[in-house]
Amino acid sequence: MSENKDLHGAEPAASVEGVKFVYDFTEGNKDLKDLLGGKGANLAEMTNLGLPVPPGFTITTEACKVYLDSGEEPAALRDEVSAHLVALEEQMGKKLGQPDNPLLVSVRSGAKFSMPGMMDTVLNIGLSDKSVQGLAEQAGDARFAWDSYRRLIQMFGKTVLGVDGELFEDALESAKAAKKVSVDTELEAADLKKLVTRFKKIVKTEAGRDFPQDPREQMDLAIKAVFDSWNGDRAKLYRRQERIPGDLGTAVNVCSMVFGNLGPDSGTGVAFTRDPASGHQGVYGDYLQNAQGEDVVAGIRNTVPLAELEQIDKKSYDQLMQIMETLENHYKDLCDIEFTIERGQLWMLQTRVGKRTAGAAFRIATQLVDQGLIDETEALQRVTGAQLAQLMFPRFDEDAKVEKVGRGIAASPGAAVGKAVFDSYTAVKWSRSGEKVILVRRETNPDDLDGMIAAEGILTSRGGKTSHAAVVARGMGKTCVCGAEELEVDTKRRRMTVPGGHVVEEGDVISIDGSSGKVYLGEVPVVPSPVVEYFEGRMHAGADDADELVEAVHRIMAFADRKRRLRVRANADNAEDALRARRFGAQGIGLCRTEHMFLGDRREQVERLILADTQEEREESLKQLLPLQKKDFVELFEAMDGLPVTVRLLDPPLHEFLPDITELSVRVALAESRQESHENDLRLLQAVHRLHEQNPMLGLRGVRLGLVIPGLFTMQVRAIAEAAAERRNAKGDPRAEIMIPLVGTVQELEIVREEADQVIAEVEAATGVELKLAIGTMIELPRAALTAGQIAEAAEFFSFGTNDLTQTVWGFSRDDVEASFFTAYLEKGIFGVSPFETIDRDGVGSLVKSAAEAGRRTRPDLKLGVCGEHGGDPESVHFFHEVGLDYVSCSPFRIPVARLEAGRAATQSTGSDHR
């Protein structure tokens, strides 16, 4: 369905008739996430399943988009909301804000993709100075009524009226201090009544208006606030971080209230059908007696493990366990559930496919296959290349000497080291200056998102696995330890006191282990991940020492390899890298950069080539380079025996092989002042000046070098051919391919190809070995892409050099623009992600697609690949699969990621969406 149409196919507009903007929970289902948002769709689904869901209705994302586009709600929305509110009142037997027996509702956001804590929620709407008395009488509990009223004013004031939330928090802390109590549950009805008066004064002073007493005005303003929160700073930042489109809008869910703050037989909690940190099956979650839902997520009060609910309220516990099993079997995935118990009655407030750690994602996918709930194809959609990359990061060395100072809840795994900082602003500031930081808070809230993104890891002294810090960190793949209660965090003094009295000041280095929950002083050394050891061949799935995570990765990779069409090669320049790439699953080398073979000890020979004054000197230099190049290629072909090796002839400008101009100038000046011999340095300096170019990226490089410097490319072709012949004679199976860089016109390629064919024929004649060396080119200039049909007449393969193609299409000098203005472009939303990280589908991608099609019209058997770093980027791999490339090539470490994403691309289903 179009993003701009509702179920009826009509274009939304403020005055459109016949467009349905409000759905009762009984009308929707889980497949209507585009329209009802994730929360609304899943509330409807649970209602359809007959689960205990408080009645309510959902205002669609289409209504939100009309509001955001026009600044006004759709004309029909108020009447639709009124009709559904009347129906809800009739169903509940009471009216919104009714003085003697009030219906209270919550107003919650709910976008298509989960954005925990990033948008607004208001509870207890309908309470007023009059109805709070009726609620107290109906509940038989004045404390509960006044506690609910103060929560409404606090939420409404902050969310709807824009009052600084700290003012309410300070007033609450003052009330507790005056009463000499430590937690809000110890405040009595009279204390809370006074607090309500104080809260209303804060609203009047800060918002310039009284807290609204009309319940319908409360609801209407809350609905608008939720719509507005879609474009709030933290929501936009989160969408950029998670690559969620900005034009989806949010739904609004209006749900009749149920109360967990009615006393010890009431409470609220969050449950997971499996452990979101490890993937293990069991009873996982948090429960908080005598509380409302926001208390659990905010981490303001420490919860108890969900398993303890069995002793607190066995009937509700048993019912919850049944419902959790029902939901997991129905959704066929880990479910994240919010629930409330009101005086022994269980109510389901939300369910969604739960966010999970990378390790949990792989374990759960294979567990569900074993249970027969999903097949291999669906299992591939339950994991991502980004998650696999995270599993390949190093972990802390368990044998290192460390100073453990605390332990909390292992909320999101990983090994993070950095300087302790105690607020989001400092985390961002220090991170931008190159410092690695750990954000330390008592608990996080949505306003901390900037700092959470900037930090290497997050440490809190409060909260559990379902707290804001834990949920957001898991979604971002960020290391997190929560609820480290023995650590005393003082954000105002910017310090943390650990057991024993040691004080960690801001700037001190700490280490946190999100897999164990341990906190250490100083920097803890790291060791390779077991997943990397598996790919390296040092750990085998199925062996006694292989843990279940490695087994799960092994199985998922086998699924991907069976399903994928794209082959995966490596960018590797020597035998050592080639062998490692092969262990990681490379099916050849897609890019061997021969310039890397001219560095180090061989720089002197290259300098002699550049300084050659005569043809004889140049030929002598090339003669000396030939055996060195041949030796490199023999080793490379042996390492990749039986697999293709694409060798790119020399590409960079020659001046890159010469010393830095400043360094040379200093050496010459010093030699002259000391009257020392400096003839060679002087010649080098003159050569540097002669070869200097204003824009070397577009200067004398690539195929232009081969055409201007006689013998350079033919020497390299001869080295490749002789190395291949030697490997043939050694009973090897070399499969060399010669790639000409930076071709812009077919005539360049034809000239170089003619010379290369002649050299290959000479080597065949000299060795008696028939060589089948494919010759092709890199497509890295817009003109090459636009004339690909002509170039294919002389090329047996294309390899898209998307790094340079991105630079030339955008007119960017990568080394300059990434430091100068890319940050601003990302913040302003011009880029969702850097075009050097993920392929620009509309610009660069369209050239790749058209060039591939034109090339194959000329030469149907044309082999197509990509050798820029985009070859290892998950999203880009999907694009290359779609446009019909044969292979991608990337750095060795990214090969497993590319293999996995190639399998996912081949089995991608629009119905699978586990963002």
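Refer to the structure printed above.
Presented here is an overview of the structure given in this document. Note that the structure is predicted; figures quoted are calculated from it, not measured.

Criteria and thresholds
Residues numbered from 1 in each chain as written. Predicted model: local features only at pLDDT ≥ 70, side-chain atom pairs only at ≥ 80, totals over all residues. Heavy atoms only, no water. Helix = DSSP H or I, 4+ residues; strand = E, 2+ residues; numbered from the N terminus. Buried < 20%, exposed > 50% of the residue type's maximum accessible area, 1.4 Å probe, protein only. Contact = heavy atoms within 4.5 Å. Areas by Shrake-Rupley, 256 points an atom, 1.4 Å probe, with all protein chains shown as cover. Lys, Arg positive; Asp, Glu negative; His and termini not counted. Charge placed at Lys NZ, Arg CZ, Asp CG, Glu CD. Expected span 1.5 Å × (residues − 1). Pairing = 2+ DSSP bridges. Axes fitted to C-alpha atoms, helices over the stretch in contact; angles between N-to-C directions. Parallel < 35°, antiparallel > 145°, perpendicular 65-115°, else oblique. Left-handed = near helix turned anticlockwise from the far one by under 90°. Core = buried A, V, L, I, M, F, W, Y, C linked by side-chain atoms within 4.5 Å. Patch = residues over 30% accessible without salt bridge, like charges linked within 9 Å, V, L, I, M, F, W, Y side chains within 5 Å. Salt bridge = Lys/Arg side-chain N within 4 Å of Asp/Glu carboxyl O. Disulfide = S-S within 2.5 Å. Nonpolar A, V, L, I, M, F, W, Y, C, P; charged D, E, K, R; others polar. Right-handed = clockwise from strand over helix to strand, strands pointing away. Phe/Tyr/Trp six-rings, centres within 6.5 Å; stacked < 30°, edge-to-face > 60°. Lys NZ or Arg CZ within 6 Å of the ring centre and 35° of its normal.

## Some words on the overall build of the chain
Part 1 of the reasoning: Within the chain, the secondary structure is distributed over 36 helices and 31 strands.
Part 2 of the reasoning: Taking all 915 residues of the chain together, 56% fall into the buried category.
Part 3 of the reasoning: Sequence separation of at least 24 residues holds for 68% of the intrachain contacts in the chain that already meet a minimum separation of 6.
Part 4 of the reasoning: On the chain, roughly 37,400 Å² of surface is accessible, and the fraction owed to carbon and sulfur atoms is 46%.
Part 5 of the reasoning: In the chain, 109 side chains carry a positive charge and 145 a negative one; their mean positions are 2 Å apart.

## Thoughts on helix α23 (residues 615-639)
Part 1 of the reasoning: Over its 25 residues, α23 runs 36 Å from end to end, which matches the ideal 36 Å to within 8%, given 1.5 Å per residue.
Part 2 of the reasoning: Taken as a whole, α23 has its buried residues at Arg-618, Ser-621, Leu-622, Leu-625, Leu-626, Gln-629, Asp-632, Phe-633, Val-634, Leu-636, Phe-637 and Ala-639.
Part 3 of the reasoning: The elements touched by buried residues of α23 are α21 (575-583), β25 (589-593), α22 (603-611), β26 (644-648), α27 (712-729) and β27 (735-740).

## As for the sheet that holds strand β2 (residues 56-59)
Part 1 of the reasoning: Sheet architecture is open: 5 strands sit in the order β1-β2-β5-β3-β4, paired in antiparallel fashion. At either end of the open sheet lies a strand with only one pairing partner, and these are β1 (22-24) and β4 (121-125). Looking at each pair of strands side by side, their axes are set apart by 20° on average, direction ignored.
Part 2 of the reasoning: With 3 bridges connecting them, β1 and β2 associate as antiparallel partners. Across the sheet, the residue bridging to Tyr-23 is Thr-58, located in β2.

## Here we look at unusual backbone geometry
Part 1 of the reasoning: The phi dihedral of Lys-731 falls on the positive side, at around 70°, and the residue is not glycine.
Part 2 of the reasoning: For Leu-742, which is not glycine, the phi dihedral falls at a positive 60°.
Part 3 of the reasoning: For Leu-742, the location among the structural elements is in the loop between β27 and α28 (746-767).
Part 4 of the reasoning: Under the relative-accessibility criterion, Leu-742 is labelled buried at 2%.

## Some thoughts on the packing of helix α34 (residues 841-858) against helix α35 (residues 874-882)
Part 1 of the reasoning: As a packed pair, α34 and α35 sit with axes 11 Å apart at the nearest point and diverge in direction by 40°. As judged from the angle between their axes, α34 and α35 are oblique. Considering how the two elements wind past one another, α34 and α35 form a crossing that is right-handed. Facing Arg-841, Gly-845 and Val-848 of α34, the residues of α35 in contact are Glu-875, His-878, Phe-879 and Glu-882.

## Quick notes on the nonpolar core
Part 1 of the reasoning: Counting residues in hydrophobic clusters, the biggest one holds 132 residues, and the most contacted among them are Phe-362, Leu-388, Val-553, Ile-740, Phe-798 and Phe-800.
Part 2 of the reasoning: Top element by residues in this core is α27. It accounts for 10 residues.
Part 3 of the reasoning: Dropping the residues within four chain positions of it, Val-553 is found in contact with Phe-362, Leu-388, Leu-391, Val-531, Tyr-534 and Phe-535.

## Overview of the pairing of strand β15 (residues 437-441)
Along any regular strand the residues' side chains alternate between the sheet's two faces.
Part 1 of the reasoning: Most of β15 sits out of view: 5 of its 5 residues are buried.
Part 2 of the reasoning: Here β15 shows two buried faces, one formed by Val-437, Leu-439 and Arg-441 and the other by Ile-438 and Val-440.
Part 3 of the reasoning: Inspection of the sheet shows strand β14 (residues 415-421) paired to β15 by 3 bridges, in the parallel sense. Bridge pairing in β15 places Val-421 opposite Leu-439.

## Here we look at a negative patch on the surface
Part 1 of the reasoning: A contiguous patch of negative charge on the surface is contributed by Asp-164, Glu-166, Asp-170 and Glu-206.
Part 2 of the reasoning: Its location among the elements puts Glu-166 in helix α6 (residues 165-179).
Part 3 of the reasoning: Looking at Glu-166, the relative accessible area reads 48%, which means it is partly exposed.

## Focus: the environment of Leu-309
Part 1 of the reasoning: Topologically, Leu-309 is positioned in helix α11 (residues 309-312).
Part 2 of the reasoning: For Leu-309, a relative accessible area of 0% corresponds to the buried category.
Part 3 of the reasoning: Between the C-alpha atom of Leu-309 and that of Arg-857, which follows or precedes it by 548 residues, the distance is 67 Å.

## Quick look at the state of the cysteines
Part 1 of the reasoning: For the structure shown, the criterion picks out 0 disulfides.
Part 2 of the reasoning: The cysteine Cys-867 is free of any disulfide, with Cys-890 supplying the nearest cysteine sulfur at 11 Å.
Part 3 of the reasoning: A residue is classified by how much of its surface remains accessible, and Cys-867, at 4% relative accessible area, is buried.

## Regarding the sheet that holds β15
Part 1 of the reasoning: Ordered by their spatial adjacency, 8 strands build an open sheet running β12-β22-β21-β14-β15-β16-β17-β13, and the pairing between neighbours is mixed. For this open sheet the edge positions go to β12 (403-407) and β13 (409-412), each flanked by a neighbour on one side alone. The mean inter-strand angle of the sheet, taken between neighbouring strand axes irrespective of direction, is 30°.
Part 2 of the reasoning: Judged from the 4 bridges that link them, β12 and strand β22 (residues 518-521) form a sheet pairing that is antiparallel. Within β22, the residue paired with Lys-404 across the bridge is Tyr-520.
Part 3 of the reasoning: Its contacts with the sheet place helix α16 (residues 424-432) against β14 and β15, and it is angled at close to 110° to β14.
Part 4 of the reasoning: Running over the sheet, helix α18 (residues 468-476) touches β13, β16 (457-460) and β17 (479-482) and is turned about 165° from β17.

## A look at the pattern of salt bridges
Part 1 of the reasoning: Scanning the entire structure with this criterion turns up 55 salt bridges.
Part 2 of the reasoning: The shortest N-O distance in the salt bridge between Lys-314 and Asp-318 comes to 2.7 Å. A residue pair is termed a helical-turn pair when its members lie 3 or 4 positions apart in one helix, as Lys-314 and Asp-318 do in helix α12 (residues 314-331) at 4 residues.
Part 3 of the reasoning: Asp-333 is the salt-bridge partner of Arg-356, the closest N and O atoms lying 2.8 Å from each other. Of this pair, Arg-356 sits in the loop between β10 (345-353) and α13 (358-370) while Asp-333 sits in the loop between α12 and β9 (335-342); the two residues are 23 residues apart in sequence, bridging distant segments of the chain.
Part 4 of the reasoning: Classification of Arg-356 as buried rests on a relative accessible area of 10%.
Part 5 of the reasoning: The network of salt bridges with shared partners includes Arg-143, Asp-147, Arg-150, Arg-151 and Asp-184.

## Let's talk about the side chain of Thr-426
Part 1 of the reasoning: If you trace the backbone, Thr-426 turns up in helix α16.
Part 2 of the reasoning: Leave out the neighbours within four places in its chain, and Thr-426 touches Val-421, Arg-494 and Glu-506.

## Points about the packing of helix α3 (residues 77-92) against helix α8 (residues 215-229)
Part 1 of the reasoning: Packing of α3 against α8 leaves a shortest axis separation of 13 Å and a crossing angle of 125°. Relative to α8, α3 is oriented oblique. Between α3 and α8 lies a crossing whose hand is right-handed. Counting all contacts with α3, which are made through Leu-77, Arg-78, Val-81, Ser-82 and Leu-85, the residues of α8 involved are Arg-216, Met-219, Asp-220 and Phe-227.
Part 2 of the reasoning: Of the residues assigned to the contact of α3 with α8, the class counts are 5 nonpolar, 1 polar and 3 charged.

## Some points on the pairing of β14
Part 1 of the reasoning: Direction of pairing for β14 relative to strand β21 (residues 509-513): antiparallel, over a ladder of 5 bridges. Residue pairing for β21: Ala-415 is matched across the bridge by Asp-513.
Part 2 of the reasoning: As a crossover connection, the stretch from β14 through α16 into β15 is right-handed.

## Digging into the packing of aromatic side chains
Part 1 of the reasoning: This structure, assessed with the given rule, holds 20 aromatic pairs.
Part 2 of the reasoning: Ring geometry for Phe-535 against Phe-584: centres 5.9 Å apart, planes inclined by 35°, an arrangement best described as tilted. In this pair, Phe-535 sits in helix α19 (residues 530-536) while Phe-584 sits in the loop between α21 and β25, placing the two residues 49 residues apart along the sequence. The exposure classification of Phe-535 matches that of Phe-584, with both residues buried.
Part 3 of the reasoning: Ring geometry for Phe-812 and Phe-831: centres 6.3 Å apart, planes at 80°, overall edge-to-face. Taken together, the residues Phe-812 in the loop between α31 (802-810) and α32 (814-820) and Phe-831 in the loop between α33 (822-827) and α34 connect sequence positions 19 residues apart.
Part 4 of the reasoning: Here Phe-812 falls in the buried class, since its relative accessible area comes to 9%.
Part 5 of the reasoning: Against the face of Trp-230 rests Arg-239, its NZ or CZ located 4.0 Å from the ring centre.
Part 6 of the reasoning: Taking the ring centre of Tyr-887 as reference, the NZ or CZ of Arg-569 above it sits at 3.8 Å.

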